[in-house]
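Each chain is listed here by its residues.
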Amino acid sequence: MGPIRRASPCLHIVLGGTPFEGIWCLHRRKSQFPPRFSRHSCLFLAVSGGSAAVSAGDDNRFRPRLGHIRADTPKAGRARSFLTRVRTVTCQQQAASGGSGRPRGGGPSRTPKGEGSIASGRGVRRGRGATFVRARNLSNGWSHRRPGSRRVVVKSRSVRAAGRNGKAAAHLRYIQRDGTARDGEWGRLYSGSEDRADGDAFLDRGRDDRHQFRFIVSPEDAGDLADLTGYTRDLMAQVEADVGTKLDWVAVNHHNTGHPHVHVVVNGRDDLGEDLVINGDYLASGIRERASELVMLELGPVTEVEQRRKLVAEIDQDRFTRIDRAMLAEANDRFLDLRHEPDDPRGQADRTLRLRRLGKLGDMGLATEHGPGLWELSERLEPTLREMGERGDIIRTMQKALRAEGAERDPMSFALHDSEPATPIVGRVIDKHLSDELGEELTLVVDGIDGRTHHVARIDPVRVVEARIGSIVEIGPPDSAGRPSDRAIASIAEGGVYRPSRHLEQARFEGRVPSGDYDGFVASHVRRLEALSRAGIVERIDVDQWRIPEDFAIRAAAHDAGRGGGANIRVLSTFDLDRQVGADGATWLDRRLVGGVVSDLVPAGFGEQAREAMEQRRERLIEQGDAVRRPDGRVSYRRNLLATLQDREVARVGAELAATKSVPFRVAVDGETVSGKFTGAAQLSSGKFAIVEKSHEFTLLPWRPVIERHLGQEVTGIVQGGSVSWQLGRARGVGR
């Protein structure tokens, strides 16, 4: 018999006897053999109708009853059940992935009464919709893993001060752009109660909101839904119930891609007029779950056959698929072992899908087979496939835009620019859309004269307001040379200090300022310094002194490049080639004809079309007497052809406008000072012109962007050499 020692109590069942204490009991530690006997306090349960477990009062004769094997260490607790152990492992896994359970920092989880323990880090306990998140346990996200779930992609974004900075209006304008509806027409804006919502009224209601919410809802089976508009209204009604407030929202259905989807815009105030704060997990997962439930309610759950068909279609796709995501999750250190065939039919089908997909990935160099059924996944698998998927989407978008123009191009001639192009691109705009459908930056697809089709993304919309489909544009690298005014300031500065009075003296001495407006010329440099001072580049010392850094010109050019969105963009003509051929103004074709440069026109694609249009335009100029063909076949153009054509068009358009106004039109002559109210603009083939009206007449003056902010105000300008030196406001002037 082993030594007498203390141990934790045991439980014995005594059949038909009396419970005892202080007896010898068989107790074995883990990995201990033979078992040892110990003297300790035991717990007994008496059950009548059976035989006694021990003999009364006899310590030498007894029959041991073996119980559960458990630890014999001090402070050991009760043996845990299987369910308890499963819960423990689940909590450990949730903690490792950032979900609910105990905090990662250690220590007990302290949850306020009535709240679930959620630790996703997206503002969980704050914001409307948190109750739904806790009820559905969505803190770890949701990935359509429920049996029969219908897949829905939901993207969301919150934009601050969208109503005050014009971003809301720009976004609303572009989600309604031409070609987004099912019939190729403009997208129709609707709301929960209106089939045709008033976009301007919606923008007015959200003008002072702190933020604006934007969503894209894209059900995988959107094409099978009977009414996408009704589905959106049901979804937003459910969202309103979840967040506990009425929402001010509008939406537009898009059918311009392979997957119909919905753009939803929500103003940032609740029904009480307070800031609308929505729970982060609800935005990330709750809306998606509600959207999936509604699709499943209409179409029913996904059947096994339907799910298998969708997965089979993904085997040969050049993008990151659900099969790839599942294999990455199952792989152990990027190794996937498929050597053993499962017993159940579903497991066998999944294994077949993986093997077929791995064969495709192996051909792409993204997976390596080390043996039958033993594969290694490349660490570049996911980023490469995602990049290929994005590139494939871009190519399909470009091909669709070309087909809309009745053109076909070899995809090998496509040029995708992630940043501003290194060399200038000249061509026709064939598509203009949002780079990110939740943002404001634009993408231009340009059919170039170099025979290639260019995709240029991330363009500031302000730079391409005038660029329409069919417009001729030039997109080049940022202007690294800087502004002439910056170079002038740097040359005038002495000892790092620029003095406007010194600059005025030198300008008057040299006498090179057009029209002799020396004060306005120097004032334009001062305004440039005021703008750069707000960026921290220069510093005002007093009314006649500015501190200029040594690298002033470089820093000023870098500042302009950062504000301009990178690429340098010029709209060469808002008229397409057909309209330019028959125009009476100075067109882009005329400037190329006068310049005589045709070497950059590749005889393919738009380059060939531009060459043909130039020939037609040349014949048109000959017919109207603005050019003559010599006996040797060469063509001579009228002296000052471009100015003549521009004056001719301005006179015609002025006469047409005069017929709609109560005052006559008068042509401004070179050197004349013109003043009046700036009332609007006119887009001609010769360019854009400002309409300046007096009480008894009006005139058309060449456009400059600086005048745009003074619409409806009194302006003064001096006409000089085909341009205008504007004087805007009291004692202010704008130089060239």
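Described below are features of the structure shown in this document. (Residues numbered from 1 in each chain as written. Predicted model: local features only at pLDDT ≥ 70, side-chain atom pairs only at ≥ 80, totals over all residues. Heavy atoms only, no water.)

Attention now moves to the overall build of the protein. Helix and strand counts for the protein come out as 18 helices and 28 strands. A total of 736 residues make up the protein; the buried ones form 43% of that total. For the protein, the share of sequence-separated contacts (at least 6 apart) that also reach a separation of at least 24 residues comes to 63%. Of the roughly 40,200 Å² of accessible surface on the protein, 49% is carried by carbon and sulfur atoms. (Helix = DSSP H or I, 4+ residues; strand = E, 2+ residues; numbered from the N terminus. Buried < 20%, exposed > 50% of the residue type's maximum accessible area, 1.4 Å probe, protein only. Contact = heavy atoms within 4.5 Å. Areas by Shrake-Rupley, 256 points an atom, 1.4 Å probe, with all protein chains shown as cover.)

Right, let's talk about the packing of aromatic side chains for a bit. Summed over all chains, the structure comprises 5 aromatic pairs. With a centroid separation of 5.6 Å and an interplanar angle of 85°, the aromatic rings of Phe132 and Tyr282 are classed as edge-to-face. Taken together, the residues Phe132 in helix α2 (residues 130–136) and Tyr282 in helix α6 (residues 280–299) connect sequence positions 150 residues apart. Each member of the pair, Phe132 as well as Tyr282, carries the same accessibility label: buried. Relative to Phe215, the ring of Phe213 has its centre 6.4 Å away and its plane inclined at 10°; by these criteria the two rings are stacked. Here Phe213 matches Phe215 in class, with each residue buried. (Phe/Tyr/Trp six-rings, centres within 6.5 Å; stacked < 30°, edge-to-face > 60°.)

A separate point is the sheet that holds strand β9 (residues 261–267). The pairing of strands in a sheet happens through backbone hydrogen bonds and is either parallel or antiparallel. Taken together, 5 strands build an open sheet; the order of strands is β5-β7-β9-β8-β6 and the sheet is antiparallel. The open sheet has two free edges, formed respectively by β5 (152–160) and β6 (189–190), since each of these has just one partner strand. In this sheet, β9 lies alongside strand β7 (residues 211–219) in antiparallel orientation, the contact comprising 6 bridges. The residue bridging Gln212 from the neighbouring strand is Asn267, located in β9. In the packing of helix α5 (residues 228–243) onto the sheet, the strands contacted are β5, β6, β7, β8 (249–254) and β9, and the crossing angle to β8 comes to about 145°. (Pairing = 2+ DSSP bridges. Axes fitted to C-alpha atoms, helices over the stretch in contact; angles between N-to-C directions.)

With that out of the way, let us pick up the nonpolar core. The biggest cluster of nonpolar side chains holds 29 residues, and the ones touching the most others in it are Tyr231, Leu247, Trp249, Val264, Val266 and Tyr282. Within the residue set of this core, elements represented by two or more residues are α2, β5, β7, α5, β8, β9 and α6. Once you skip the residues sitting within four places of it in the chain, Val264 turns out to touch Phe213, Arg214, Phe215, Thr232, Met236, Trp249, Val250 and Ala251. Ranked by size, the runner-up nonpolar core spans 20 residues in total, among them Ile449, Trp588, Ala610 and Leu621. (Core = buried A, V, L, I, M, F, W, Y, C linked by side-chain atoms within 4.5 Å.)

Pairing geometry for strand β24 (residues 673–684) and strand β27 (residues 714–720), over 5 bridges, is antiparallel. By the bridge assignment for β27, Ser675 is matched with Thr716. In this structure, β24 lies alongside strand β25 (residues 687–693), joined through 7 bridges in antiparallel fashion. Note on β25: the bridge partner recorded for Ala681 is Ala690. Connecting β24 to the antiparallel partner β25 that follows it, the hairpin turn spans 2 residues.

Inspection of the secondary structure assignment puts Asn253 in strand β8. A distance of 2.7 Å separates polar atoms of two side chains, one belonging to Asn253 and the other to Tyr190. A polar contact of 2.8 Å, which involves the side chain of Asn253, links it to the side chain of Thr229. Beyond its immediate sequence surroundings of up to four residues, Asn253 is in contact with Thr180, Tyr190, Leu228, Thr229, Thr232, His261 and Val262. (Polar contact = N/O pair within 3.5 Å; in protein donor to acceptor, adjacent residues only side chain to side chain.)

For the rest of this paragraph, the subject is helix α16 (residues 588–595). Within the span of α16, buried status applies to Trp588, Leu589, Asp590, Arg592 and Leu593. Among the residues trailing α16, Gly596 stands out with phi positive, at a value near 70°.

With that settled, the discussion passes to the pattern of salt bridges. This structure, assessed with the given rule, holds 48 salt bridges. Note that Asp248 and Arg205 form a salt bridge whose closest N and O atoms lie 2.8 Å from each other. With Asp248 in the loop between α5 and β8 and Arg205 in helix α4 (residues 199–205), this pair connects stretches of sequence that are 43 residues apart. Note that Lys246 and Glu240 form a salt bridge whose closest N and O atoms lie 3.5 Å from each other. Glu240 gets classed as buried once you look at its relative accessible area, which sits at 12%. (Salt bridge = Lys/Arg side-chain N within 4 Å of Asp/Glu carboxyl O.)

Its location among the elements puts Thr443 in strand β15 (residues 442–448). Every residue in contact with Thr443, bar those within four places of it in the chain, is listed here: Asp431, Lys432, His433, Leu434, Ser435, His455, Val456, Ala457 and Arg458.

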